[in-house]
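Each chain, written out:
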Amino acid sequence: MSINWEAFRLTIELAVVVSAILLAVGLPLAYWVAFSRWHWKFLVEAVVALPIVLPPTVLGFYLLVALGSRSPLGRWWQSLTGHTLAFTFAGLVIGSILYSLPFAVQPFAASFSSVDRKLIAASSTLGASPIRTFRRVVVPLSMPGLVTGVALAFAHTMGEFGVVLMIGGNIPGVTRTVSIDIYDQVQASNYAGANGMALLLLIFCFVVLAIVYGLNRKRQDHKLWKVGSVD
């Protein structure tokens, strides 16, 4: 079984960049979703969750149009760099952020919603600013959900196919990710090569998720042990 390490390295790089950006973008968005009392908030939640049910080719097609040379964004980017965002690594990052957004924001928001409001009110009463309350109260109590959200976004980006193919095509060393390489191997009837890449991706994603859920389980058991020792 042959392994395309270049495609694997590119996929890892893409997943790391996307996860980091989703952590920065998803935290404030999830906080707003969890605590906002806006009557039409459900519309924002629906937009965030849309990539879960929308076919990747549909999202990929509209992103391809939006990033292409005929769109204002595409023309602006082309005037700066000399090329469009489509069929570039930067284009893959943008598409992956949108496609993996709900896998980060929904666990973030769920963990924020589970924080006891009395603790947040107590922090405000003691004079802590909203940012300090978020950093010292909300984030520590929501850590399992935050870790899970980042891990899910990372693993989901690792296995993307439809959006990546539509936006990035198949350029070795630039946009050829693991999923695209597996597809090419199957198209060429190289099932041994496809099996090698698929098995590597399967094991890698399983290990990532197992570590995350194991750490969350250990953290939960530690909290229960502390409560039991107090009683």
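For the structure, check the block above.
Residues numbered from 1 in each chain as written. Predicted model: local features only at pLDDT ≥ 70, side-chain atom pairs only at ≥ 80, totals over all residues. Heavy atoms only, no water.

Enquirer: Just checking my understanding: could you explain the nonpolar core for this structure?
Expert: The nonpolar side chains of a soluble globular protein tend to be buried with one another. In this structure, Val 18, Leu 22, Ala 30, Phe 108, Phe 112, Val 138 and Leu 146 are the most contacted members of the largest nonpolar core, which totals 26 residues. If you list the elements that add at least two residues to this core, you get helix 1 (5-35), helix 5 (89-113), helix 7 (130-141) and helix 8 (143-158). Here this core takes 9 residues from helix 5, the largest share from any one element. Val 178, Ile 182, Met 197 and Leu 201 belong to the second-largest nonpolar core, a separate cluster that totals 13 residues. (Core = buried A, V, L, I, M, F, W, Y, C linked by side-chain atoms within 4.5 Å. Buried < 20%, exposed > 50% of the residue type's maximum accessible area, 1.4 Å probe, protein only. Helix = DSSP H or I, 4+ residues; strand = E, 2+ residues; numbered from the N terminus.)

Enquirer: Please explain helix 7 as it appears in this structure.
Expert: Think of an α-helix as 3.6 residues a turn; residues three or four steps apart then line up on the same face. For helix 7, with 12 residues, the first-to-last C-alpha span of 15 Å sits near the 16 Å given by 1.5 Å per residue. Turning to helix 7, its buried residues are Thr 133, Phe 134, Val 137, Val 138 and Val 139. Residues of helix 7 that are buried sit in contact with helix 1, helix 5, helix 6 (117-125) and helix 8. (Expected span 1.5 Å × (residues − 1). Contact = heavy atoms within 4.5 Å.)

Enquirer: In this structure, what is going on with the side chain of Thr 88? I would like to understand it.
Expert: Assignment of secondary structure puts Thr 88 in the loop between helix 4 (72-81) and helix 5. Take Thr 88: its relative accessible area is 13%, and that puts it in the buried class. Reaching out from Thr 88, the side chain makes a polar contact with the backbone nitrogen of Gly 91 at a distance of 3.1 Å. (Polar contact = N/O pair within 3.5 Å; in protein donor to acceptor, adjacent residues only side chain to side chain.)

Enquirer: Before we go on, may I ask you to explain the packing of aromatic side chains in this structure?
Expert: What describes a pair of aromatic rings is the distance from one ring centre to the other and the angle between the planes of the rings. Considering all chains together, one arrives at 12 aromatic pairs under this definition. Relative to Tyr 183, the ring of Phe 161 has its centre 5.3 Å away and its plane inclined at 50°; by these criteria the two rings are tilted. Residue Phe 161 is located in the loop between helix 8 and helix 9 (162-168), and its partner Tyr 183 is located in helix 10 (residues 178-187); the two are separated by 22 residues in the primary sequence. Judged by its relative accessible area of 31%, Phe 161 is partly exposed. Given the relative accessible area of 38%, Tyr 183 is considered partly exposed. (Phe/Tyr/Trp six-rings, centres within 6.5 Å; stacked < 30°, edge-to-face > 60°.)

Enquirer: Help me understand the side chain of Arg 176 in this model?
Expert: Among the structural elements, Arg 176 can be located in the loop between helix 9 and helix 10. The exposure class assigned to Arg 176 is buried, which follows from its relative accessible area of 18%. One polar contact links Arg 176 to Asp 181, side chain to side chain, over a distance of 3.2 Å.

Enquirer: Would you mind going over the pattern of salt bridges with me for this structure?
Expert: Two side chains carrying opposite charge are able to pair once their charged atoms lie near each other. Summed over the entire model, instances satisfying the criterion amount to 3 salt bridges. For Arg 9, the salt bridge is made with Glu 13, and the minimal N-O distance between the two is 3.1 Å. Here the residue Arg 9 and the residue Glu 13 both occupy positions in helix 1, the gap between them amounting to 4 residues, near one helical turn. In this structure, Arg 176 engages Asp 181 in a salt bridge whose closest nitrogen and oxygen atoms are separated by 3.2 Å. One salt-bridge network, in which partners are shared between bridges, spans Arg 176, Asp 181 and Asp 184. (Salt bridge = Lys/Arg side-chain N within 4 Å of Asp/Glu carboxyl O.)

Enquirer: Is there a simple way to think about the packing of helix 2 (residues 41-53) against helix 5 in this case?
Expert: Between two packed helices, what matters for the description is the angle formed by their axes and the separation of those axes. Between helix 2 and helix 5, whose axes approach to 7 Å, the crossing angle comes to 115°. Relative to helix 5, helix 2 is oriented so that their crossing is left-handed. Of helix 5, the residues touching helix 2 (which contributes Val 48, Ala 49, Pro 51 and Ile 52) are Leu 98, Tyr 99, Leu 101, Pro 102, Phe 103, Val 105 and Gln 106. For the contact of helix 2 with helix 5, the residue count by class is 10 nonpolar, 1 polar and no charged. (Axes fitted to C-alpha atoms, helices over the stretch in contact; angles between N-to-C directions. Left-handed = near helix turned anticlockwise from the far one by under 90°. Nonpolar A, V, L, I, M, F, W, Y, C, P; charged D, E, K, R; others polar.)

Enquirer: How should I be thinking about the packing of helix 3 (residues 56-67) against helix 5 in this particular structure?
Expert: At a closest axis distance of 11 Å, the pairing of helix 3 and helix 5 adopts a crossing angle of 135°. Overall, the two elements helix 3 and helix 5 adopt an arrangement that is oblique. As helix 3 runs across helix 5, the sense of the crossing is right-handed. Contacts from Pro 56, Leu 59, Leu 63 and Leu 67 of helix 3 reach helix 5 at Gly 91, Ile 94, Gly 95, Leu 98 and Tyr 99. (Parallel < 35°, antiparallel > 145°, perpendicular 65-115°, else oblique.)

Everything listed here is a matter of coordinates, which is why it stays silent on function.
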